[in-house]
Amino acid sequence: MSILAKLSVSGDGKYHTFADGTPAYSARFDEVLSFHDIDNAYQVAPVCLNGQAWHINETGEAIYPHKFNRTFGFYCGLAAVVENDDWFHILPNGFAAYAQRYAFVGNYQQNIAVVCNKDGFYFHIDKLGQPLYENKWIYCGDFREGIAVAQAENGLSTHIDKQGRFIHSNWFLDLDVFHKGFARAKSDDGWHHIDKSGKPIYAQRYASVEPFYNGFSRVETHSGALQIINEQGNVIRELRAAKNDDFGALSADIVGYWRTFTIAAAADLKIFDYLPNNTAQLAIHTNTLEKRLTRLLNALAELGLVKCEQHIWHVLPKGAFLNTNHPMSLASAAIEYRGELMQRWHSLTQLMQEDIKADDIFKQVSLSKEHTQRHHNMLRSYALKDYQELVCYLDIDKGDVVFDAAGGNGLLAQLILDQFPSSNVILGDLAGVIDSSEFNNKRAFDLFETWPVKANKIMLSRVLHDWNDTNALQILLNAATSLQHNGAIYVFEMLLDEYSFGGSLCDLHLLTVTGGQERTQSQFEALFKKAGLCIDSVIKKDGLVTVMKLIRT
Ligand SMILES: C[S@@+](CC[C@H](N)C(=O)[O-])C[C@H]1O[C@@H](n2cnc3c(N)ncnc32)[C@H](O)[C@@H]1O
């Protein structure tokens, strides 16, 4: 506890005062910051005047002769200073505490400071300027309760200890340090609190949450209500009702198909291929009635896909994906989702009551060349978006036979071949799909019959989610049979979060369209175990898809 008389910053921020408001000294500065104790023996404060900065004692005198560009308070006996572009810490005598210079340094807390090196990487140092561990981060924060937040290059954050070791294996979009055992964490569907094992302590997600204060936290729901919740996530008090118009929001959800049909009509007419243009020209290109086309364009503008300036319609960034020439065009997806895929959703109610199975959508698609091309153009765009960043992490060796099983029209197979040109990549799919693929090395096959290749590496990308557990197990058993000794199976899937509802609509889509399901990692693990397989490693970047590398148990 400090026994030093507390000096305060004056109202104009240019000097310090005693408790009664009288000036503590006669000097005046451009700016002063608060006094901090050094060894509980004396107190010093940062000041600046005419572009120079230093520290003063209680009588307003400089405590060392040197001048810096910027000075901050003394914490744990050291103060952060800036000289030219160099940030470092100084001792009370004004000398540097260590030789290294940084792009940023924080204040010491519990004898540890955050620093950012000149390459833009953050880490922690001790009072001698030594790094606490080898890792470097895109960002890291101060320690509290012996744990700090560290952000990796993929933008996700986790918790580390003072040796730089992970406290748990979970990563979040944003994260806070622990306060009394709980930390604020943000995942795709919002903010919540986690415990020290990295697990959420309740299922709800919020627009924002505060740290727990004596067992209670103030939270804001996504619909704008302010609430107090307890550590079980129960609402104890409502401080403000929801701001959102729930009636209006539900109505908008109910007519969600308006968007589906508007976008699909624009894709049918290839409107985005003819932009920028005026309405009259567009009507000619798309063979439409000009007055009606104006109404469709207005609706596309309401959806944020186009804008109109001086009678010319222009594509907005989101709309660009509806141009058929875009490498990740969603024009085919727009038409597919409005067609057969949507038809199948009509049986959702019935599917809740009866264990019926729809026709095999993939066999149906593969019967028509036009439908195969459209469906697989759609899958190709999603594959390009989701797989590109993952392929370089696959461990594929020279000469490996790689079988992309049910690989569609071969986008992943091509990405693998581009990345590992000395491997032998074979694409497998249903005959109709294989016929329409331009990939060279290909075999028609059926997932449920004997597989035509023995491979060192097998890809199952977004295949298992199309099937129920019985079928998925059969596919895994067939894959394991086709695997060479010491081979590996790579399963590319979106994993459901064990603790939130994110991905549940996608799961219903699979139930209605293919009879399959989305799964959590532990649901996958249970299937792998039955097939005599186990997870060897997991590749997760900031996209939707996780890659699980499986080996024989
Ligand atoms: C969701 S797609 C995934 C395609 C590709 N792997 C990807 O990630 O984009 C499922 C794939 O399984 C194929 N497929 C479905 N049933 C099959 C079967 N019985 N035998 C072989 N392939 C099948 C489909 O033709 C389709 O290409």
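Bear in mind the structure is a predicted one, so any value in this text is a computation, not a measurement. (Residues numbered from 1 in each chain as written. Predicted model: local features only at pLDDT ≥ 70, side-chain atom pairs only at ≥ 80, totals over all residues. Heavy atoms only, no water.)

Caption draft 1: Up close: the nonpolar core. Counting 44 residues, the largest nonpolar core has Ile 56, Ile 90 and Ile 125 as the members making the most contacts within it. Sorting the residues of this core by element identifies β5 (42–49), β6 (52–56), β7 (70–75), β8 (78–83), β9 (86–90), β11 (113–116), β12 (122–125) and β14 (148–151) as the ones contributing at least two each. The element that contributes the greatest number of residues to this core is β8, accounting for 5 residues. Sequence-distant contacts of Ile 56, that is, excluding residues within four places in its chain, are made with His 16, Tyr 25, Phe 29, Phe 35, Gln 43, Val 44, Ala 45, Val 47, Glu 61, Ala 62 and Ile 63. Listed in part, the 31 residues of the second largest apolar core include Val 401, Val 453, Leu 476 and Ala 479. (Core = buried A, V, L, I, M, F, W, Y, C linked by side-chain atoms within 4.5 Å. Buried < 20%, exposed > 50% of the residue type's maximum accessible area, 1.4 Å probe, protein only. Helix = DSSP H or I, 4+ residues; strand = E, 2+ residues; numbered from the N terminus. Contact = heavy atoms within 4.5 Å.)

Caption draft 2: Up close: the environment of Leu 477. Mapped onto the elements of the fold, Leu 477 is located in helix α12 (residues 469–481). Of the residues examined, Leu 477 reaches a relative accessible area of 33% and is grouped as partly exposed. Residues Leu 477 and Ala 383, 94 residues apart in the sequence, show an inter-C-alpha distance of 25 Å.

Caption draft 3: The site of the ligand, seen in detail. Surrounding the ligand, one finds 18 residues, the nearest of these being Tyr 387, Ala 406, Asp 429, Leu 447 and Ser 461. Between the ligand and Asp 429 there is a distance of 2.6 Å, counted from an oxygen atom to a side-chain nitrogen or oxygen. Here the ligand has 590 Å² of accessible area as a free molecule, and 96% of this is covered by the chains. Tallied by class, the residues present in the shell around the ligand amount to 10 nonpolar, 4 polar and 4 charged. (Near = heavy atom within 4 Å. Polar contact = N/O pair within 3.5 Å; in protein donor to acceptor, adjacent residues only side chain to side chain. Areas by Shrake-Rupley, 256 points an atom, 1.4 Å probe, with all protein chains shown as cover. Nonpolar A, V, L, I, M, F, W, Y, C, P; charged D, E, K, R; others polar.)

Caption draft 4: Spotlight on the UniProt feature "domain: O-methyltransferase dimerisation" (unreviewed entry) in the protein. The residues that UniProt annotates with the feature "domain: O-methyltransferase dimerisation" (unreviewed entry) are residues 256–310. Secondary structure content for residues 256–310 is 62% helix and 7% strand, while the C-alpha to C-alpha distance between its ends is 31 Å. (UniProt positions renumbered as here; feature names shortened; annotations may be inferred.)

Caption draft 5: Main features of empty space enclosed by the protein. Throughout the structure, instances matching the rule amount to 1 cavity of 30 Å³ or more. Taken as a whole, the largest cavity encloses approximately 40 Å³ of empty space. What lines the largest cavity is Lys 357, Asp 359, Asp 360, Ile 361, Phe 362, Asp 466, Trp 467, Val 513 and Thr 514. A per-class count over the lining of the largest cavity returns 4 nonpolar, 1 polar and 4 charged. (1 Å grid on protein atoms, 1.4 Å probe; cavity = no way out; pocket = protein on both sides within 12 Å on 5 of 7 lines; lining within 4 Å. Points joined across faces, edges and corners; volume = space filled by probe spheres on them.)

Caption draft 6: The pairing of strand β17 (residues 182–187), seen in detail. Sheet analysis places strand β16 (residues 174–179) next to β17, joined by 4 bridges and oriented antiparallel. Bridging across to β17, Phe 178 finds its partner in Ala 183. From the end of β16 to the start of β17, which pair antiparallel, there are 2 residues, and Lys 180 there has a positive phi angle of about 50°. Where β17 lies against strand β18 (residues 190–194), 5 bridges are found, and the strand directions are antiparallel. (Pairing = 2+ DSSP bridges.)

Caption draft 7: A look at the domain arrangement of the protein. Taken domain by domain, the protein consists of domain 1 (1–132), domain 2 (255–338) and domain 3 (351–552). Here domain 2 and domain 3 share an interface that buries about 870 Å² over both sides, 64% of which is from carbon and sulfur atoms. Contact with domain 3 buries area across many residues of domain 2, yet Met 328, Glu 336 and Tyr 337 alone supply 58% of it, more than any other trio. On the surface where domain 2 and domain 3 come into contact, there are 1 salt bridge. Ionic pairing is found between Arg 374 and Glu 336, a salt bridge with its closest N-O pair at 3.0 Å. (Domains from an automatic or database assignment. Buried area = accessible area lost by both parts, 1.4 Å probe. Salt bridge = Lys/Arg side-chain N within 4 Å of Asp/Glu carboxyl O.)

Caption draft 8: The arrangement of the sheet that holds β17 in detail. Judged by pairing direction, the sheet is antiparallel, and its 3 strands sit side by side in the order β16-β17-β18 without closing on themselves. A strand with exactly one partner marks an edge of an open sheet, and here the two such strands are β16 and β18. Neighbour-to-neighbour, the strand axes of this sheet turn through a mean angle of 20°, independent of strand direction. (Axes fitted to C-alpha atoms, helices over the stretch in contact; angles between N-to-C directions.)

Caption draft 9: Spotlight on the packing of helix α2 (residues 256–268) against helix α5 (residues 331–338). Where α2 meets α5, the axes come as close as 8 Å, and the angle between the chain directions of the two elements is 130°. One finds that α2 runs oblique with respect to α5. The chirality of how α2 crosses α5 is left-handed. Each of Thr 260, Phe 261, Ile 263, Ala 264, Ala 265, Ala 267 and Asp 268 in α2 lies in contact with α5, whose residues at this interface are Ala 331, Ala 334, Ile 335, Tyr 337 and Arg 338. Here the residues of the contact of α2 with α5 are counted per class, giving 9 nonpolar, 1 polar and 2 charged. (Parallel < 35°, antiparallel > 145°, perpendicular 65-115°, else oblique. Left-handed = near helix turned anticlockwise from the far one by under 90°.)

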